[in-house]
Amino acid sequence: MASQDLATWLPSEGGTVSRSRAVPRSVERGLAGGVGFFVLWWAVAATMPSYLLPTPIAVLSAFLTELTTPATLTIGTIELPLTELTVVLAQSLMHYLPGLFIGVGLGAPLGLVLGYSTVLDEYVSPVVSLLRPIPPLAWMGLVIVWVGIGHAGAAVIVSIGAFWITFFAAYGGVEELPQEWVEVAESLGVEDDLTMLRKVVIPGSAPSIFTGIRTSIGRAWMIVVAAELFGAPGIGYRIIHTAQSLSMDLSMAYMLALGLVYLGSDVAFRGLREVIEP
């Protein structure tokens, strides 16, 4: 409150306090920050060769070219007419989405169960402590041997990363539940574990779980880019391949696309969360 401008809270002509400038002022600051970033980028790029740092206009031009250049996505015997950019994004989604769903689908329930059951937690805790510090990419050697290089291998790597993030979010949500909630539920006749989980533990842990899922959505894209360095087709592979050929405008155009896709998925998930958890 104190940090907002006094002008935001000055009485209007009718004598009432107005907050009409609150939203416009925040938008103005955001635009100013964005413009400042691009001006700085442009100034630095002007002092360097384009193969080291292209200008924003060059990156935007490359982005629009990739967005409009026709290309074909082949899935088995099916050929879909798309564009260069959408083909690359679709290839990444083929291992991003399965990996994310598997990781979240396993991590959240296991986190809830182990957070709730002290006995199971004591059995599994040593294994969790041993495996948790291992980065997802460290499993790449075994994954290549087991399932090969491609969408399946990249999906496994993504699922490992999403699993741990969601697992600990759910586990922490259960640990932070007030003990009074459990005691009240027991006093109201809730005796079996399944009902306790359904009526108390899951609703009480939902904010932490949603936060873990949201974090997984963003972190999984980072893992996708890294996993594609090993040969899986997609946007990460294209970013590295174009950079190696010094086509930095293309490389940064795909980086821009990745950022926009994450932004869109984050906004969509926040909207979904508001519907599920108003």
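Before reading on, note that the structure itself is shown above.
Residues numbered from 1 in each chain as written. Predicted model: local features only at pLDDT ≥ 70, side-chain atom pairs only at ≥ 80, totals over all residues. Heavy atoms only, no water.

### As for the pairing of strand β1 (residues 70–75)
- In this structure, β1 lies alongside strand β2 (residues 78–83), joined through six bridges in antiparallel fashion. From the neighbouring strand, Leu-73 faces β2, where its bridge partner is Leu-80.
- Joining the antiparallel neighbours β1 and β2 is a turn of two residues, in which Gly-76 adopts a positive phi near 65°. (Pairing = 2+ DSSP bridges. Helix = DSSP H or I, 4+ residues; strand = E, 2+ residues; numbered from the N terminus.)

### Observations concerning helix α3 (residues 56–68)
- When the terminal C-alpha atoms of α3 are compared, their 18 Å separation across 13 residues agrees well with the 18 Å that a helix rising 1.5 Å per residue should span.
- Taken residue by residue, α3 has Pro-56, Val-59, Ala-62, Phe-63 and Glu-66 as its buried positions. The buried side chains of α3 occupy one side of the element, clustering within an arc of 130° when seen end-on. (Expected span 1.5 Å × (residues − 1). Buried < 20%, exposed > 50% of the residue type's maximum accessible area, 1.4 Å probe, protein only. Arc of directions from axis to C-beta.)

### Side note on the environment of Ala-227
- As for its placement among the helices and strands, Ala-227 is situated in helix α9 (residues 193–227).
- What makes Ala-227 buried here is its relative accessible area of 2%.
- Considering only alpha carbons, one finds Ala-227 and Gly-111, 116 residues apart in sequence, at a separation of 25 Å.
- For Ala-227, the residues in contact, after removing those within four places along its chain, are Leu-137, Met-140, Ala-154 and Ile-157. (Contact = heavy atoms within 4.5 Å.)

### Here's the deal with the pattern of salt bridges
- Following the criterion strictly, the structure yields three salt bridges and no others.
- In this structure, Asp-266 engages Arg-214 in a salt bridge whose closest nitrogen and oxygen atoms are separated by 2.7 Å. Residue Asp-266 is found in helix α11 (residues 248–276), and its partner Arg-214 is found in helix α9; the two are separated by 52 residues along the sequence.
- One salt bridge in this structure joins Arg-270 and Asp-266, with 3.5 Å as the shortest N-O distance. Of the two residues, Arg-270 and Asp-266 are both situated in helix α11; the distance of four residues between them amounts to about one turn of the helix. (Salt bridge = Lys/Arg side-chain N within 4 Å of Asp/Glu carboxyl O.)

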